[in-house]
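Residue-level listing of the chains:
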Amino acid sequence: MGFDFGLKRIGVAIGNTTLRQAQSLTIISAATNDAKFAEIAELIDAWTPARCVVGLPLHPDGAEHEMSVRCRRFANQLHGRYGIETILIDERYSSAVLEGQRGGASKVRIDAEAAAIILQQYFDEVRNDQS
């Protein structure tokens, strides 16, 4: 299961480990942290993911910034609450690439599609590591 973490919305994607393909699933936009994690718990119960992949935003030079710290905290909370292995993946430009491709697509929809790009990047990196 892949996540594009944001303060207002969290994009969620699901992937198939056999086919190594990701697809957007949903957007979580609950108002409170507890409500967001309640929605995540429902998704985890329904999909029983083997691991969670969280996008880690970085500056173009690879340096971390405030959102990097928040994403690390979110990943730690996923692992702590649900006991699922959680991996961070460099997400530089995932949303920007989608905005350019979609030419004004819904910002909300982009969050779920960005989560799919993050998860697909994880699948591609694992495949390349095994080659």
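Keep in mind that this is a model prediction, so the values were computed, not measured. (Residues numbered from 1 in each chain as written. Predicted model: local features only at pLDDT ≥ 70, side-chain atom pairs only at ≥ 80, totals over all residues. Heavy atoms only, no water.)

Trainee: Describe the pairing of strand β5 (residues 85–90), listing the residues and the values that go with them.
Mentor: Both strand β4 (residues 51–56) and β5 contribute to a ladder of six bridges, which runs parallel. Residue pairing in the sheet places Cys52 in a bridge with Thr86 of β5. Handedness of the crossover joining β4 and β5 through helix α2 (residues 66–82) is recorded here as right-handed. (Pairing = 2+ DSSP bridges. Helix = DSSP H or I, 4+ residues; strand = E, 2+ residues; numbered from the N terminus. Right-handed = clockwise from strand over helix to strand, strands pointing away.)

Trainee: Tell me what's going on with the nonpolar core, and back it up with residues and numbers.
Mentor: If you look at the biggest cluster of nonpolar residues, it comprises 20 residues, and the most contacted ones within it are Met1, Phe3, Ile10, Val12, Ile40, Phe74 and Leu78. Those elements that place two or more of their residues in this core are β1 (2–5), β2 (10–16), α1 (33–47), β4 and α2. In this structure Val12 touches Met1, Gly2, Phe3, Ser24, Leu25, Thr26, Ile28, Leu43, Ala112 and Ala115, once residues within four positions along its chain are discounted. Judged by nonpolar contacts, the second largest core, of eleven residues, contains Val53, Leu119, Tyr122 and Phe123. (Core = buried A, V, L, I, M, F, W, Y, C linked by side-chain atoms within 4.5 Å. Buried < 20%, exposed > 50% of the residue type's maximum accessible area, 1.4 Å probe, protein only. Contact = heavy atoms within 4.5 Å.)

Trainee: Give me unusual backbone geometry: which residues, what numbers.
Mentor: At Arg20, a residue that is not glycine, the phi angle is positive and equals roughly 55 degrees. Tracing the sequence through the fold places Arg20 in the loop between β2 and β3 (21–28). Phi angles above zero are rare outside glycine, and Thr48 is one such case at about 40 degrees. Among the structural elements, Thr48 can be located in the loop between α1 and β4.

Trainee: Which residues make up the sheet that holds β3, and what values do they have?
Mentor: The strand order across the open sheet built from five strands is β3-β2-β1-β4-β5, with neighbouring strands paired in mixed fashion. Two strands bound the open sheet, and with one partner strand each, they are β3 and β5. For this sheet, the mean inter-axis angle between neighbouring strands, taken without regard to orientation, is 25 degrees. Sheet analysis places β1 next to β4, joined by two bridges and oriented parallel. Note that in β4 the partner of Phe3 across the bridge is Val54. Across the face of the sheet, α1 comes into contact with β1, β2 and β3 while running at roughly 145 degrees to β3. Sitting on the sheet, α2 touches β1, β2, β4 and β5, and the angle it makes with β4 is about 170 degrees. (Axes fitted to C-alpha atoms, helices over the stretch in contact; angles between N-to-C directions.)

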